[in-house]
Amino acid sequence: MRIAEKFKQLKAKNEGALIAYICAGDPTPEGTKEYVTALVRGGVDIIELGLPFSDPVADGPTIQAGIQRALDGGMTPDLYFRTVSSLKLHIPLIVMTYYNLIFKRGLEKFVKDCAASGISGIIVPDLPPEESGDLLQICRKNEVDLIYLVAPTTTETRMEHILAEGAGFIYLVARLGVTGARSDVATSTGELIKRVKTATPKAVGFGISTGDQAAQIIHAGADGVIVGSAFVNIIGSGQDVPERLEALAREIKKGVISN
Amino acid sequence: MSQALTSTKFGKYGGQYVPEILMPALLELTDYYEKYKDDAVFNAELDHYLKDFAGRPSPLYLAKNLSKEYGIKIYLKREDLVHGGAHKLNNTLGQGLLAKYMGKKRIIAETGAGQHGTACAMAGACFGVSTEVYMGAKDTVRQRMNVYRMELMGTKVIPVKSGSQTLKDAINEAMRDWVANVETTHYMIGSVVGPHPFPTMVRDFQSVIGKEVRLQILEKEGRFPDSIVACTGGGSNAMGIFHPFVEEDVDLFAVEAGGSGMKTTDKEALHSATLCTGEDGVLHGMRTKVLQNKYGQILESSSIAAGLDYAGVGPELAYLADIGRLKPCYSMDSEALDAFHDLCRFEGIIPALESSHALAYVKKAVASGELGDIVVVNVSGRGDKDLETVMGMRT
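Residues numbered from 1 in each chain as written. Chains lettered and ligands numbered in written order. Predicted model: local features only at pLDDT ≥ 70, side-chain atom pairs only at ≥ 80, totals over all residues. Heavy atoms only, no water.

Novice: Please explain the overall build of chain A as it appears in this structure.
Specialist: Each helix and strand in chain A was counted, giving 12 helices and 9 strands. The C-alpha atoms of chain A give 17 Å as radius of gyration, which agrees with the globular expectation for 259 residues (18 Å, within 12%). Its C-alpha atoms give chain A principal-axis dimensions of about 40 × 40 × 35 Å. Sequence-distant contacts, at least 24 apart, represent 71% of the contacts inside chain A between residues at least 6 apart. Accessible area of chain A: about 9,500 Å², with a carbon and sulfur share of 51%. In chain A, the 27 positive side-chain charges and the 30 negative ones have mean positions that sit 4 Å from each other. (Helix = DSSP H or I, 4+ residues; strand = E, 2+ residues; numbered from the N terminus. Rg over C-alpha atoms; globule rule 2.2 N^0.38 Å. Contact = heavy atoms within 4.5 Å. Areas by Shrake-Rupley, 256 points an atom, 1.4 Å probe, with all protein chains shown as cover. Lys, Arg positive; Asp, Glu negative; His and termini not counted. Charge placed at Lys NZ, Arg CZ, Asp CG, Glu CD.)

In structure tokens form, the structure reads like this:
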């Protein structure tokens, strides 16, 4: 399913989107299917499935640990696409990974593998617009959305450029820093949501872990929230993982429809 | 948005592969650097610190005993005599001064062997800027004297326990810190690596080495050397001495660490010979040669010299290697140790294990004649920091 279609459906129901990140293969390749299913049961609208890279500079300790577990468990790009193909989801699926894995596989092959396995969007946290021209063209040709990030530090000129290129949704980085669950909503988040003026849906990530935070962010004008570390924490604990993933998804989803 | 694109690259290498959060900071840094690099006041101030604080110019010394032993004329560029015991201070004084001009209140850095960290600590104390250094936990153990040196000068050393706990992971952690504190903090990268403008800027600050060699060798020999040999991890001492000679008829040799063997597995390399064996990739904000497996996962590198132990290399070196302007080569741990002892014994100079790789290459390459009659070797640092390692190898 294309991302735009999902946001359109949600808008018609006056709901915000819950986008859930987990890392494929954390802690084993087999576990991923079960966990994705649990998240979908909990009401997640879009799955962002990480493809683990050895040097994840944009990630905090929680997701670093998840990535390490996945690598130790034997996750590879080949296995990733096989796993994704077997998921058969009825909601959009996005791959989140670092540029070297895409570069090494070959841009064309990577994007074609995405399209063939049912992935509708790509997020690359270490690929700013300056370096993304080639990948963007290939994505457009294959009808896969290249999702760009904007940050509180993004200048107006850059913002205009990114909003013109971005597809699927615009990923708003809620605060300066790396990924990781926080208990508050940064004041910079509301300001950033106001600055991003576009018809493309806006989803906010970095630091969101509760239904209350999600509700505040949707109330401030976002179309969706992205939650990662809070889910990865549950996986890391190894305790009642599917049940707790589903329960947390349900709680946060409640936050994004309560407006 | 693409107007600066060409200047960020060396051929296909270099660029700015970083999170969006950092892009404005890189553009700001580029603007400041371009504004001050030819500014008379900035350069006069930098020259003052290089001369009176760092002790430059460093001598170019004809190693007469070693020359006799090896059979060609060997000049040593004595960066080991720079304040702090390595070339690293050239860069940190430059960046430290720039950070001061930019109004940054805090400096962060990564360090491998601890030489760059020490140089940051010196610059931080000298310019009165608070300094924190990320260092692989493994490196804090094998270079504990450098940790203590940094602490003496008021720098906070933060051990990094993620990944391989070496330089690569220290860079990751420093980048994560910078992402969170980019508005107040300058990230003082210690080599010609990372996103633009770092490879260019660090090269320019280190070029003082090669500029001095040009004058010194003309004075002593009336001509340029036939070859220049420098050890290469990230490559800052190499680019520093090479850059002023790139347009000249002088052969350049970048000597990497062959470690304990030129072998790799799916997860690690027994060496750090990135130019020799790496493949194109993107790491730490730059496109360059990278030690990686078939999927693009970065390998853990290895070397007896912590300062060479890195899975990437400066993008300009990758470019110069591709176009055939420099020759990538390597020395093994054991060869470096052997050359270390030679320089101690024949010349009364204790070189860093990093620099010993360059000396080792000279020793083995003399026979082929490829170095010509006169070679300049960059003795990038002194070996006092390595004594424990060397003592541990004694049988």
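Novice: When you look at the sheet that holds strand β7 (residues 156-160) of chain B in this model, what are you seeing that I'm missing?
Specialist: Two orientations exist for strands paired in a sheet by backbone hydrogen bonds: parallel and antiparallel. Residue and element names in this part refer to chain B. Taken in spatial order, the 4 strands line up as β7-β6-β5-β8 in an open sheet, and their pairing is parallel. The open sheet terminates on both sides in strands that have one partner only, identified here as β7 and β8 (185-187). Direction aside, neighbouring strands of the sheet carry axes that sit 25° apart on average. For strand β5 (residues 106-111) and strand β6 (residues 130-136), the ladder comprises 6 bridges, and the chain directions are parallel. Bridge pairing links Thr 111 to Met 135 in β6. (Pairing = 2+ DSSP bridges. Axes fitted to C-alpha atoms, helices over the stretch in contact; angles between N-to-C directions.)

Novice: How should I be thinking about helix α12 (residues 241-257) of chain A in this particular structure?
Specialist: Residues and elements named next belong to chain A. With 17 residues, α12 ought to run about 24 Å at 1.5 Å a step, and its terminal C-alpha atoms sit 24 Å apart, in line with that. All of the buried residues in α12 are Val 241, Pro 242, Leu 245, Glu 246, Leu 248, Ala 249, Ile 252, Lys 253, Gly 255 and Val 256. For α12, the elements touching its buried residues are α1 (3-12), β1 (17-23), α2 (29-41), α10 (211-219), β9 (224-227) and α11 (229-237). (Expected span 1.5 Å × (residues − 1). Buried < 20%, exposed > 50% of the residue type's maximum accessible area, 1.4 Å probe, protein only.)

Novice: Teacher, can you tell me more about the nonpolar core here?
Specialist: Buried together is how nonpolar side chains tend to be arranged in soluble globular proteins. Ile 122 and Phe 169 of chain A are the most contacted members of the largest nonpolar core, which totals 192 residues. Contact partners of Phe 169 of chain A, with chain neighbours within four places excluded, come to Ile 3, Phe 7, Ile 19, Ile 94, Ile 123, Ile 147, Tyr 148, Thr 200, Pro 201, Ala 203 and Ile 226 of chain A. One finds Ile 72, Ile 304, Cys 329 and Tyr 361 of chain B within the second-largest nonpolar core, a separate group that totals 33 residues. (Core = buried A, V, L, I, M, F, W, Y, C linked by side-chain atoms within 4.5 Å.)

Novice: Would you take a moment to explain the packing of helix α9 (residues 198-206) of chain B against helix α10 (residues 208-221) of chain B for this structure?
Specialist: Between two packed helices, both the angle of their axes relative to each other and the distance between the axes serve to describe the pair. All names here are of chain B. At their nearest, the axes of α9 and α10 sit 5 Å apart, and the two run at 35° to each other. Residue-level inspection shows Asp 204, Phe 205 and Gln 206 of α9 in contact with α10, the latter providing Val 208, Ile 209 and Gly 210. By residue class, the composition of the contact of α9 with α10 is 3 nonpolar, 2 polar and 1 charged. (Nonpolar A, V, L, I, M, F, W, Y, C, P; charged D, E, K, R; others polar.)

So far we have only geometry, and geometry alone does not tell us how the molecule works.
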